[in-house]
Amino acid sequence: MKNPMGRLITVGALVLAPCAYAQTGAIRCGKLLDVRAGALLSDQVVVFEKGEITAMGTEGRFAIPKGITPVDLSSATCLPGLIDVHTHLTGEPTSNGYAALGISVPRETVTGVKNARLTLRAGFTAVRNVGASGFSDVAVRDGIEAGEIEGPRMIVSGPPLGITGGHCDNNLLPYEFHFKEAGVADGPWAARAKVREVIKYGATVIKVCASGGVLSKGDQPGTPQYTLEELQAIAEEAHKLGRKVAAHAHGTQSIKDAIRAGIDSIEHSSLIDDEGIALAKQHGTFLVFDIYNDDYILQQGEKAGMLPESIEKEKKIGRLQRENFRHAFQSGARMAFGTDSGVYPHGDNAKQFAKMVEWGMKPIDAIQAATINAAELLGWAKIGSLETGHFADLIAVSGDPLNDVRVLENVKFVLRGGTVYRNDFAVK
Ligand SMILES: [Zn+2]
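Residues numbered from 1 in each chain as written. Predicted model: local features only at pLDDT ≥ 70, side-chain atom pairs only at ≥ 80, totals over all residues. Heavy atoms only, no water.

Visitor: Whenever I open this one, the overall build of the chain confuses me. Can you help?
Guide: Scanning the chain from terminus to terminus reveals eleven helices and 16 strands. Taken over C-alpha atoms, the radius of gyration comes to 21 Å for the chain, in line with the 22 Å a tight globule of 428 residues would show. Principal-axis analysis of the C-alpha atoms places the extent of the chain at approximately 70 × 40 × 40 Å. Residues counted as buried form 58% of the 428 residues belonging to the chain. Long-range pairs, those at least 24 residues apart, make up 68% of the contacts in the chain between residues at least 6 apart in sequence. Looking at the chain as shown, the accessible area adds up to about 16500 Å², and 51% of this sits on carbon and sulfur atoms. The distance from the centre of the 45 positive side-chain charges to the centre of the 49 negative ones in the chain is 4 Å. (Helix = DSSP H or I, 4+ residues; strand = E, 2+ residues; numbered from the N terminus. Rg over C-alpha atoms; globule rule 2.2 N^0.38 Å. Buried < 20%, exposed > 50% of the residue type's maximum accessible area, 1.4 Å probe, protein only. Contact = heavy atoms within 4.5 Å. Areas by Shrake-Rupley, 256 points an atom, 1.4 Å probe, with all protein chains shown as cover. Lys, Arg positive; Asp, Glu negative; His and termini not counted. Charge placed at Lys NZ, Arg CZ, Asp CG, Glu CD.)

Below you can see the structure in the form of C-alpha cells.
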C-alpha cells in the first residue's frame, strides 16, 4: 500500500498508509514539551516538509528554509498530537439501549465523520477505534486517508469479537428476531475465522470482548466470557496476520486470561488484582483505564437512554476501577490513554487527563500515556513525540500542561501531517 506521497510505511508485519500532504512550513513555539524528558524547551522552531518534521531546534540555531514564514505560536506551548487508544467514533452516548436498534450502519458512518472532525480539533491526531458496526470505522478511516474528510489517523477494528449473548453481542431482542452481532464467534476455530473475516474487510487491530460489560443487557462486568483457549486462538491468529489485539476485560479472571493469551492491551482493566498487574508487567501488556466516563454515565446515562441495569453496574464498578488504576500505576504497570469516547460526548477526550492526575499520576505521566506509550501500543513509529522524521502532528495550548493538565481540554492549534486544522491563536 502506498500513501499519496508514494512512501511505504511499515509497522511490524503491517503496511499502513497514514495520510500525508505535500505541505511545507514551520511553527514557532514559545515553549515546546519534550514528552520523553518531561521538560519544556523555550523558543523552538519546527520545520516540516511533505507532512514530516525535517528539522527542529532552538530558534536562530539553524536556518529556516527560504520563503517560509513560521506560524507564530510564540505565546503558546506546543506538544505532540495526542492519541486516544480507545474510541468509538461512530457511536454516541444516545446510541445505547433500545434507541440504538433504529440506527443504520450508513447513519453511524455519518456520525463517525462528524466525530472524526471533533476529535481531531480537540487535539487528538491519532486514535485506535475499537468496535464499530458494519465496518463503518473502516469507511471513516478510508475517507480521512483519501483526504475527503477531516479526522485523526485511525487504527480500526470493525465489529468486536464476542461470545453468543455476551457484551459484544446484542441481547435486546427476543428469540424470534434471530439477531446477533456481526462479531459473534464461539469456539477457537470460529474465533480464528472471525479474525480472518474482519481483517478481510479492513481491520488493522482486533477487538475482543473477554468479559461482560456495563452497557450490555443481561451480563456482568466481572464474569468471564471467552475462555483462555478461545483468547489464545484469537491472539495467535491476529499476530500471525500482523495485527495486535485489544481485549475488553473488566473481570479479574478475564484480565489474566487475556494477558496469558498474549493479548496486547487490556481495555477497562477495572477489577485487576495484584497477580493481574504482575502478569501485565511480565508480558509487557498495556493497561487502558477509561476513568473519565464513569461520571458521565452516572450523571447523564439515564437521560441518554442507557439501560437501568447499566447504571447500576457502573455504580458498582466505577470507583473500584479508579482505585485499581492508581494501584496499577503505582505498581509500575504500563498505561496507555484510552477513554471509550462515544460513551461520553466526542471531543471531551482530554477531560480524562485531570482524572488521571486526581488518581495518582503526575501530569507528565498522563501526557506520556497519551503520546509515547499510546504510539508504542499502536505500533506507529512516527507519532507520539516531536522528532525529525516523525509526522508533523503538533498541537498547542495556552499555559503549562505540566503544571495544570486541564489546559489540554482547550487545545487551540492542531497540525496533522503538516496541515493546519485549527488555529485559534490567529483569530484576532
Ligand atoms: Zn469501548
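Visitor: Looking at this structure, how should I read the pattern of salt bridges?
Guide: Where side chains of opposite charge bring their charged atoms close, a pairing between them can arise. Summed over the entire model, instances satisfying the criterion amount to 30 salt bridges. Its salt-bridge partner being Glu-150, residue Arg-121 comes within 3.2 Å of it at the nearest N-O pair. Of the two residues, Arg-121 is situated in helix α1 (residues 105–121) and Glu-150 in the loop between α2 (136–145) and β9 (153–156); the sequence distance between them amounts to 29 residues. Residue Glu-150 is classed as partly exposed on the basis of its relative accessible area, which comes to 24%. One salt bridge connects Asp-142 with Arg-141, and the closest N-O pair in it is separated by 3.0 Å. We classify Asp-142 as partly exposed; its relative accessible area is 37%. Several salt bridges share partner residues, and in doing so they unite Arg-192, Arg-196, Glu-236, Glu-237 and Lys-240 into one network. (Salt bridge = Lys/Arg side-chain N within 4 Å of Asp/Glu carboxyl O.)

Visitor: What exactly am I supposed to notice about the sheet that holds strand β7 (residues 82–87) here?
Guide: Whenever strands of a sheet pair, they do so through backbone hydrogen bonds, lying parallel or antiparallel. Taken together, the three strands give an open sheet; going across it, the order is β7-β8-β9, and neighbouring strands pair in parallel fashion. The strands lining the two open edges of the sheet, one partner per strand, are β7 and β9. With strand direction ignored, the average angle separating the axes of adjacent strands in the sheet is 15°. Bridging between β7 and strand β8 (residues 124–129) involves four bridges; their strand directions are parallel. Bridge assignment links Asp-84 to a residue of β8, and that residue is Val-127. Relative to β9, α2 is tilted by about 155°, and along the sheet it contacts β8 and β9. (Pairing = 2+ DSSP bridges. Axes fitted to C-alpha atoms, helices over the stretch in contact; angles between N-to-C directions.)

Visitor: In this structure, what is going on with the environment of Asn-324? I would like to understand it.
Guide: For Asn-324, the position within the fold is in helix α8 (residues 308–330). As a C-alpha pair, Asn-324 and Met-154 span 170 residues in sequence and 29 Å in three-dimensional space. In this structure, Asn-324 is in contact with Ser-270, Leu-271, Ile-272 and Phe-289, ignoring residues within four places of it in sequence.

Visitor: Is there a simple way to think about the packing of helix α5 (residues 252–260) against helix α6 (residues 274–283) in this case?
Guide: Geometry of a packed helix pair, given as the angle between the helix axes and the separation of the axes. Packing of α5 against α6 brings their axes to within 9 Å, and their N-to-C directions diverge by 15°. Between α5 and α6, the crossing angle belongs to the class labelled roughly parallel. Considering only the axes of α5 and α6, their crossing is left-handed. Here Lys-256, Ile-259 and Arg-260 of α5 come into contact with α6, specifically with Glu-275, Gly-276, Leu-279, Ala-280 and His-283. Here the contact of α5 with α6 is composed, by residue class, of three nonpolar, two polar and three charged. (Parallel < 35°, antiparallel > 145°, perpendicular 65-115°, else oblique. Left-handed = near helix turned anticlockwise from the far one by under 90°. Nonpolar A, V, L, I, M, F, W, Y, C, P; charged D, E, K, R; others polar.)

Visitor: Hey, could you run me through the packing of aromatic side chains in this one?
Guide: Each aromatic ring pair is characterised by the separation of its centres together with the angle its planes make. All told, the structure shown has five aromatic pairs when counted by the stated rule. Relative to Phe-337, the ring of Phe-124 lies with its centre 5.8 Å away and its plane at 25°, an arrangement referred to as stacked. One end of the pair, Phe-124, is in strand β8; the other, Phe-337, is in the loop between α8 and α9 (351–358), and 213 residues separate them in sequence. In this structure, Phe-124 and Phe-337 share a single accessibility class: buried. Aromatic side chains Phe-289 and Phe-325 sit 5.6 Å apart centroid to centroid with 75° between the ring planes, which places their arrangement in the edge-to-face category. One end of the pair, Phe-289, is in the loop between β13 (286–288) and α7 (293–304); the other, Phe-325, is in helix α8, and 36 residues separate them in sequence. (Phe/Tyr/Trp six-rings, centres within 6.5 Å; stacked < 30°, edge-to-face > 60°.)

Visitor: How do you make sense of the nonpolar core when you look at a structure like this?
Guide: Taken as a class, soluble globular proteins show a tendency for nonpolar side chains to be buried jointly. Counting residues in hydrophobic clusters, the biggest one holds 72 residues, and the most contacted among them are Ile-206, Val-208, Ile-234, Leu-287 and Phe-353. Ignoring any residue separated from it by four or fewer positions in sequence, one finds Ile-234 in contact with Leu-161, Ala-191, Val-195, Ile-206, Val-208, Tyr-226 and Val-245. Within the second largest apolar cluster, 17 residues are counted, among which are Phe-286, Ala-374, Leu-377 and Trp-380. (Core = buried A, V, L, I, M, F, W, Y, C linked by side-chain atoms within 4.5 Å.)

Visitor: So what exactly am I meant to see when it comes to the sheet that holds strand β10 (residues 205–209) here?
Guide: Pairing is parallel in the open sheet, where four strands are placed in the order β10-β11-β12-β13. Of all strands in the sheet, those bounded by a partner on one side alone are β10 and β13. Taken over all neighbouring pairs, the strand axes of this sheet differ in orientation by 20° on average, direction set aside. Direction of pairing for β10 relative to strand β11 (residues 244–249): parallel, over a ladder of five bridges. Looking at the pairing, Cys-209 lines up with His-248 of β11.

Visitor: Teacher, can you tell me more about the side chain of Ser-310 here?
Guide: Relative to the elements of secondary structure, Ser-310 occurs in helix α8. Classification of Ser-310 as buried rests on a relative accessible area of 1%. Contacts of Ser-310, omitting those with residues within four sequence positions, involve Val-214, Leu-215 and Ser-216.

Visitor: Is there a simple way to think about the coordination of the zinc ion in this case?
Guide: Angles at a metal have ideal values that depend on geometry: 109.5 degrees with four tetrahedral donors, 90 or 180 degrees with six octahedral donors. Around the zinc ion, the protein contributes the donor atoms His-86 (NE2), His-88 (NE2) and Asp-340 (OD), at 2.1 to 2.2 Å from the metal centre. For the zinc ion, the single-chain donor residues occur in sequence as H-x1-H-x251-D. Of this pair, His-86 sits in strand β7 while Asp-340 sits in the loop between α8 and α9, and the two are 254 residues apart along the sequence. Grouping residues by exposure puts His-86 and Asp-340 together as buried. (Donors = N, O, S within 2.8 Å, 3.2 Å for Na, K, Ca; no water.)

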